[in-house]
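# Per-entry structural report
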Amino acid sequence: MIDLRSDTVTRPTEPMRAAMARAEVGDDVFGEDPTVAALEERVADLLGHEAALFTPTGSMANVLAVRSLVGPGQEVLCEASAHVARAELGAHGVYTGLTMRTWIHPRGQVDLPTIREIFAPDMGPFFVPTAAISVENTHNFAGGTVLPLTDLRDLREFATAAGVGVHLDGARIWNAHVATGTPLAEYGAIADVMVVCLSKGLGAPVGSLVVGSRDTITEARVWRKRMGGGMRQVGVLAAAGLHALEYHVERLADDHAHARLLAEACGVDPAGVDTNIVVVRRPDALALVAAARDEGVLVSAVGPAAVRLVTHLDVSREDAERAAAVLGRLVA
């Protein structure tokens, strides 16, 4: 099977497994795991922030990050198909009591005129106030689209003037970095708090990080434990993340090239494929998923009329070409 369902399906490479096996460990709940500390320091430094916190999942990291900016009864604004709104099972409302309002953009982009229009200042005990704006880069369900740095800077300027925070869901920020050449710290500069993931394109088995100020991360550490996310000798997982950052970032360009190949085969304009995700619009999405499976290609339906293809570390050029031949025939 060629698995294009997600870039979370990758398996650790042999060099990554070796790095995990020799990792120096300690009890991270006591703050004594040196490999975790090294990972957190490195990621914070890459993104230009003071500190970072290792978490088992990206969803937990996003909940921790957003709650650092938005209190109970306040709201966060985000794009309607953002991961925080669509794919975290309502965790933000369940755990922190916040609400969301959204804008719609077909490519998941920052729509500053609409954000200005729906933004709600604190007007006393009458209306829900906006406390933060969340953006996702790259944007998963919009097809791995990159948010232009100029738009993010304009959003940062507006948020600062309005006195609200900016949360950046950067689960695939590494893809945006490779696709555009934008330094990671420039993306980090637009956010008060952000999240990055190691277990998608970078190929680690587990792990995301919350990145922000030292005070934000100190508080997030308490909430991580409160949510059941305290981990002990977790340096064996942090070691995989360190290996991924060293060896698996630049190779993301291969995934992007493979995605464009698949897009062209499926009748999607490859010029609109920014990174490693292709969304194929089909009225018979579930039927296409089933037919592709029968021919040895796994893809996923992300809506009744949308099929998602995701390239990753475990999909070679040969795999991509074979999948393109299968999918191209089925789509035609």
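Residues numbered from 1 in each chain as written. Predicted model: local features only at pLDDT ≥ 70, side-chain atom pairs only at ≥ 80, totals over all residues. Heavy atoms only, no water.

Here the focus is a nonpolar patch on the surface. On the surface, Met-123, Phe-126 and Phe-127 cluster together into a nonpolar patch covering about 400 Å² of accessible area. Assignment of secondary structure puts Phe-126 in the loop between helix H6 (112-118) and strand S5 (130-136). Its relative accessible area of 65% is what places Phe-126 among the exposed residues. (Patch = residues over 30% accessible without salt bridge, like charges linked within 9 Å, V, L, I, M, F, W, Y side chains within 5 Å. Areas by Shrake-Rupley, 256 points an atom, 1.4 Å probe, with all protein chains shown as cover. Salt bridge = Lys/Arg side-chain N within 4 Å of Asp/Glu carboxyl O. Helix = DSSP H or I, 4+ residues; strand = E, 2+ residues; numbered from the N terminus. Buried < 20%, exposed > 50% of the residue type's maximum accessible area, 1.4 Å probe, protein only.)

Glancing now at unusual backbone geometry. A cis amide bond links Asn-137 with the next residue in sequence, Thr-138, at an omega value of 0°. Inspection of the secondary structure puts Thr-138 in the loop between S5 and helix H7 (149-162). At Leu-89, a position not held by glycine, the phi torsion is positive, near 55°. As for its position among the elements, Leu-89 is in the loop between helix H4 (83-86) and helix H5 (91-96).

The 3 strands are arranged S9-S12-S11 in an open sheet whose pairing can be described as antiparallel. The outermost strands of the open sheet, each flanked by one partner alone, are strand S9 (277-281) and strand S11 (300-303). For this sheet, the mean inter-axis angle between neighbouring strands, taken without regard to orientation, is 35°. Pairing geometry for S11 and strand S12 (residues 306-310), over 3 bridges, is antiparallel. Considered in S12, the bridge of Gly-303 is made with Ala-306. Across the sheet, helix H13 (residues 285-294) lies against S11 and S12, angled at about 170° from S11, the strand it touches most. (Pairing = 2+ DSSP bridges. Axes fitted to C-alpha atoms, helices over the stretch in contact; angles between N-to-C directions. Contact = heavy atoms within 4.5 Å.)

Let's shift gears to the packing of helix H12 (residues 252-265) against helix H14 (residues 317-331). H14 packs onto H12 with a crossing angle of 15° between their chain directions and a minimal axis gap of 8 Å. Overall, the two elements H12 and H14 adopt an arrangement that is roughly parallel. Seen from above, H12 lies across H14 with right-handed handedness. Along its contact with H12, which presents Ala-257, His-258, Leu-261, Leu-262 and Ala-265, the element H14 presents Arg-317, Ala-320, Glu-321, Ala-323, Ala-324, Leu-327 and Gly-328. The residue inventory of the contact of H12 with H14, partitioned by class, reads 8 nonpolar, 2 polar and 2 charged. (Parallel < 35°, antiparallel > 145°, perpendicular 65-115°, else oblique. Left-handed = near helix turned anticlockwise from the far one by under 90°. Nonpolar A, V, L, I, M, F, W, Y, C, P; charged D, E, K, R; others polar.)

So, about the sheet that holds strand S6 (residues 165-170). Ordered by their spatial adjacency, 7 strands build an open sheet running S2-S8-S7-S6-S5-S3-S4, and the pairing between neighbours is mixed. Whereas interior strands pair on both sides, the edge strands pair on one side only; in this sheet they are strand S2 (51-55) and strand S4 (99-103). Within the sheet, the average angular offset between the axes of one strand and its neighbour, ignoring direction, is 20°. Here strand S3 (residues 75-79) runs beside S4; their pairing, made up of 5 bridges, is parallel. Directly across from Glu-79, in S4, lies its bridge partner Trp-103. Where helix H3 (residues 58-67) meets the sheet, it contacts S2, S3, S6, strand S7 (193-197) and strand S8 (208-212), and its direction lies at approximately 20° from that of S8.

So, on to helix H1 (residues 14-21). Residues that lie three or four places apart on an α-helix share one face, since the helix turns once every 3.6 residues. Those residues of H1 not exposed but buried are Met-16, Ala-19 and Met-20. Burial along H1 is one-sided: seen end-on, the buried residues are contained in an arc of 100°. In H1, those exposed residues whose orientation departs by more than 90 degrees from the buried face are Glu-14 and Ala-21. Taken together, the buried residues of H1 touch helix H11 (235-247). (Arc of directions from axis to C-beta.)

One finds Phe-54, Ile-115, Ile-173, Trp-174 and Leu-198 to be the most contacted residues of the largest nonpolar core, which totals 51 residues. With 5 residues, H7 is the single largest residue contributor to this core. In contact with Ile-115, other than residues within four places in its own chain, are Leu-77, Trp-103, Val-110, Ile-133, Leu-155 and Phe-158. By size, the runner-up hydrophobic cluster in this structure holds 25 residues, among which are Val-280, Ala-292, Val-299 and Val-331. (Core = buried A, V, L, I, M, F, W, Y, C linked by side-chain atoms within 4.5 Å.)

Attention now goes to H13. For H13, the full list of buried residues reads Ala-285, Leu-288, Val-289 and Ala-292. The arc that holds the buried residues of H13, viewed along the axis, is 100°, so those residues lie on one side. With respect to the buried face of H13, the exposed residues turned more than 90 degrees away are Leu-286 and Asp-294. Tucked into the core, H13 has its buried residues touching strand S10 (297-298), S11, S12 and H14. Backbone geometry just downstream of H13 places Gly-296 in the positive-phi region, at approximately 90°.

What follows concerns the environment of Gly-93. Mapping Gly-93 onto the fold places it in helix H5. In the structure, Gly-93 is positioned 126 residues away from Glu-219 in sequence and 19 Å away in space, judged by C-alpha atoms.

Contact geometry of H1 with H11 gives a least axis separation of 8 Å together with a crossing angle of 135°. In this view, H1 runs oblique relative to H11, as classed from their interaxial angle. Note on packing geometry: the crossing formed by H1 with H11 is right-handed. Residues Pro-15, Met-16, Ala-19 and Met-20 of H1 form the contact with H11, whose participating residues are Val-236, Leu-237, Ala-239, Ala-240, His-243 and Ala-244. Counted by class, the contact of H1 with H11 contains 9 nonpolar, 1 polar and no charged residues.

So yeah, pure geometry; function would need other evidence.
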